[in-house]
Amino acid sequence: MFEVATKVHDERRQGEAFAPTIADEKEYKRRFYIESYGCSMNFSDSEIVASILSKEGFGATPHLQEADLILVNTCSIREKAEQTVRKRLTEFRKLKHKKPSLLVGVLGCMAERLKSKFLEEEKLVDLVVGPDAYRSLPGLILDADDGQKGINVLLSREETYADISPVRINSNGITAFVSIMRGCNNMCSFCVVPFTRGRERSRDPESIINECRDLFNAGYKEVTLLGQNVDSYYWTGTLPSKEGKIDAQFWPPLTPPTGENNTQPLLMQDADSNSDTLKSEVSEILSSPVGREYYAQPLLINNSGKNKDTSKSEVSAWLSFPVGGNQGLGTQSGMVAGVAVTFASLLEMVAQISPELRVRFSTSHPKDIIDEVLFTMAKYDNICKYIHLPLQSGSNRILQLMNRSYTREWYIAKVNRIREIMPGCGISADIIAGFCTETEEDHQTTLRMMEYSKYDMSYMFFYSERPGTLAERRYDDDIPEEIKKRRLQEIVDLQNKLSQQSNKEDLGKTFTVLIEGDSKKSKRDWMGRTSNNKVVVFPKNGFNFKKGEYVMVKVNDCTQATLLGE
Ligand code: 5AD
Ligand code: SF4
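Predicted, not measured: the structure shown is a model, and the values here were computed from it. Residues take numbers from 1 onward in each chain, read along the sequence in its written order. Following the order in which they are written, the chains are lettered starting with A and the ligands numbered starting with 1. Selection of residues for local features in this predicted model requires a pLDDT of at least 70, selection of side-chain atom pairs for listing and counting requires 80 or more, and totals for whole chains, interfaces and linings are taken over all residues. As a rule here, side-chain values cover all heavy atoms of the structure and leave hydrogens and water aside.

Next up on the list: the environment of Pro-390. Strands are runs of DSSP state E lasting at least 2 residues, helices are runs of H or I lasting at least 4, and numbering of each runs from the N terminus. Take Pro-390: it is sitting in the loop between strand S17 (386–388) and helix H15 (396–401). Accessible area is worked out with a 1.4 Å probe on protein chains only. A residue is then buried under 20% of its type maximum, exposed over 50%, and partly exposed in between. A residue is classified by how much of its surface remains accessible, and Pro-390, at 4% relative accessible area, is buried.

Right, dumping it as structure tokens:
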């Protein structure tokens, strides 16, 4: 297996079935079973779906045989993910033969990508529902009960499911995902996500804070704020006020960034003489039948200019913004209007819920992560010192073909800045081997970048061409599979060495560990995580600890993936 399991895209969770954490006393007429694949966003979406269905009288079951409705929340990011789901659907069809009233539905990215193909050609399913259409599920189920196939794959510019309180699935009761935005505007040339999840939109901060606070009050000790590109979180609107000022619980007074040292090499799009060609190619895609279906207006490449790096003028604009004075642009009774919330300010609001609540986030984009975020992380002990910073490739030529908008020099400057502001901060990456035209030299540059960045862990993939993407239209998938796999193996081997080295450096050190539950291998051991996201296993040893407690653990041994402590 090439993909290293982490919390963000955990291989061990693929295909996980719904099992409600809290015993549900309600009487239900029908039962649904849901299986999830892909990224954390999909797992988080399944919790939204569970909430919508439970309001409609559907109870969850972890047992296929008990289900009246089987849902698969799918992933399209690589071909292999789609194949796995197709196989699973064929198995479900067999169950349908035995129980004709059984409904089978496909949710998520594959539903969006393949649309009616599932219904018409393959006749595998009764329902096809895209990531922005989950509210229509109850109606579509009624249609399907009447023998009509139900489909809704409309993408939305507004849907954030802000008001839906997710039902926690397979939760340990300690850590939870909270979605803060949906979609992605980046158009990385290899990636299908902008097509399957639509345009980027940010969820309102009040609903995010409320969800996190409710989780904390229910005993959770860690929230992970989720988005495809959290650094471009940006929300404007109205927040509750107290005495004419924004209620401090929604707008804590921020500490201004103090760093001056923020000179950076250029982002690729600033220097890129090819960017006009690329832009016209993107608008070509978007005006094609496929593109038109997804976007009503042309999409800008890298349009998150609002979040470019902090220049001095931006810092002073930031300081003069309502933050310090706690004032919005206008007030109405009990509310302050005209408020803009960035990712840094959202992070701070969540961190202020309680010092006992750990805060994580994923995913950051190297072109967008800025000093305010790093300073906010440094300021709060409960914001975990860990950043997932996808590299994809170390070669500038390949990064440009990938439309990643940064150079390796820019990426190096970001890693330096993280280490300068937060020594000891964990860093992980996503890496793709064998992208179109990748030479041996490009590959070697990726390995050197890994050595430089000293990742604690990585998700590593070989390139899988996805229909409809910029790369599929523009470049030949010309690296033979055996070369892709050999390069991927070299990347995996190097990452294993780096992870081992990183863990060895922790021997003898003591860390604050949040206990998440029993170790998978033995009930006599606890399993928890450090702030920088390392898994620690240590003996229960008769101490009276409980899960959800913070404990100091001294590391006395390690494997490549785990620290062992006492
Ligand atoms: N082929 C291989 N890996 C991909 N990813 C996204 N699209 C592809 C693809 N077509 C990887 C990227 C991304 C992660 C979520 O999945 O590394 O960051
Ligand atoms: Fe895909 Fe790039 Fe958006 Fe990530 S940032 S979801 S890789 S388009």
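The next point concerns the state of the cysteines. Should the sulfur atoms of two cysteines be covalently bonded, the bond is a disulfide. Working definition: a disulfide is two cysteine sulfur atoms within 2.5 Å of each other. Applying the stated criterion across every chain, the model contains zero disulfides. Looking at Cys-425, it has no disulfide partner, and the nearest cysteine sulfur is the one in Cys-384, 9.8 Å off.

Quick look at the site of ligand 2 now. One heavy atom within 4 Å of a molecule or strand makes the whole residue count as near it. Taken together, the neighbourhood of ligand 2 is formed by Cys-184, Asn-186, Met-187, Cys-188, Phe-190, Cys-191, Val-193, Pro-194, Gln-228, His-365 and Arg-404. Of the residues belonging to the shell around ligand 2, the class tally is seven nonpolar, three polar and one charged. For this classification, Asp, Glu, Lys and Arg are treated as charged, while Ala, Val, Leu, Ile, Met, Phe, Trp, Tyr, Cys and Pro are nonpolar and the rest, including Gly, are polar.

Right, let's talk about the pattern of salt bridges for a bit. Whenever a carboxyl oxygen of Asp or Glu lies within 4 Å of a side-chain nitrogen of Lys or Arg, that contact is scored as a salt bridge. Taken as a whole and judged by the stated rule, the model has 36 salt bridges. Notably, a salt bridge pairs Asp-163 with Arg-135, separated by 2.8 Å at the nearest N-O pair. With a gap of 28 residues between them, Asp-163 in the loop between strand S7 (150–152) and strand S8 (175–179) and Arg-135 in the loop between strand S6 (127–129) and helix H5 (137–145) connect regions that are remote in the sequence. Residue classification places Asp-163 among the exposed residues on the basis of a relative accessible area of 59%. Residue Arg-135 is classed as partly exposed on the basis of its relative accessible area, which comes to 39%.

Moving on: the side chain of Asn-533. For Asn-533, the location among the structural elements is in the loop between strand S21 (525–529) and strand S22 (535–539). Its relative accessible area of 7% is what places Asn-533 among the buried residues.

It should be kept in mind that the predicted coordinates are not to be read in detail where pLDDT is low. On average, residues of the protein carry a pLDDT of 83, and 79% of them reach 70 or more. Per-residue confidence from the prediction method is given by pLDDT, with values spanning 0 to 100. Pairs of residues are marked as contacts when any of their non-hydrogen atoms sit within 4.5 Å. In this model residues 1–9 is a low-confidence stretch, pLDDT under 50, and it forms 37 contacts with partners more than four residues away in sequence or in other chains. Per-residue pLDDT stays below 50 along residues 285–329; that stretch engages in 108 contacts with residues further than four places along the chain or on separate chains.

With that settled, consider the pairing of S8. Of all five residues making up S8, five are buried, and the element is well covered by its neighbours. Residue alternation in S8 divides its side chains into two sets, Thr-175, Phe-177 and Ser-179 and Ala-176 and Val-178, and both sets are buried. Relative to strand S11 (residues 222–226), S8 runs parallel, the two sharing five bridges. In the strand pairing of S11, Phe-177 is matched with Thr-224. Paired strands, as defined in this entry, are two strands with at least two bridges between them according to DSSP.

Bringing the sheet that holds strand S16 (residues 358–362) into the picture now. Strands sit in the order S8-S11-S16 across an open sheet of three strands; the sheet is parallel. In this open sheet, the two edge strands, each paired with only one partner strand, are S8 and S16. Across the sheet, the axes of successive neighbouring strands diverge by a mean angle of 25°, strand direction being ignored. For helices, the fitted axis covers only the stretch in contact; all axes are lines through C-alpha atoms, and the angles between them, taken along N-to-C directions, range from 0 to 180 degrees. This element, helix H7 (residues 205–217), spans S8 and S11 of the sheet and lies at about 170° to S8.

The next subject is the pairing of strand S4 (residues 69–74). Burial runs high along S4: six of the six residues are buried. Burial of the side chains of S4 extends over both faces: Leu-69, Leu-71 and Asn-73 are buried on one face and Ile-70, Val-72 and Thr-74 on the other. Pairing of strand S2 (residues 30–36) with S4, which is carried by five bridges, proceeds in the parallel orientation. Within S4, the position partnered with Tyr-33 by the bridge is Ile-70. Orient the strands so they point away from the viewer, and a crossover whose first-strand-to-second-strand path over the helix runs clockwise is right-handed. After leaving S4, the chain enters helix H2 (residues 79–98) and then returns to the sheet as strand S5 (residues 103–108), a path that is right-handed.

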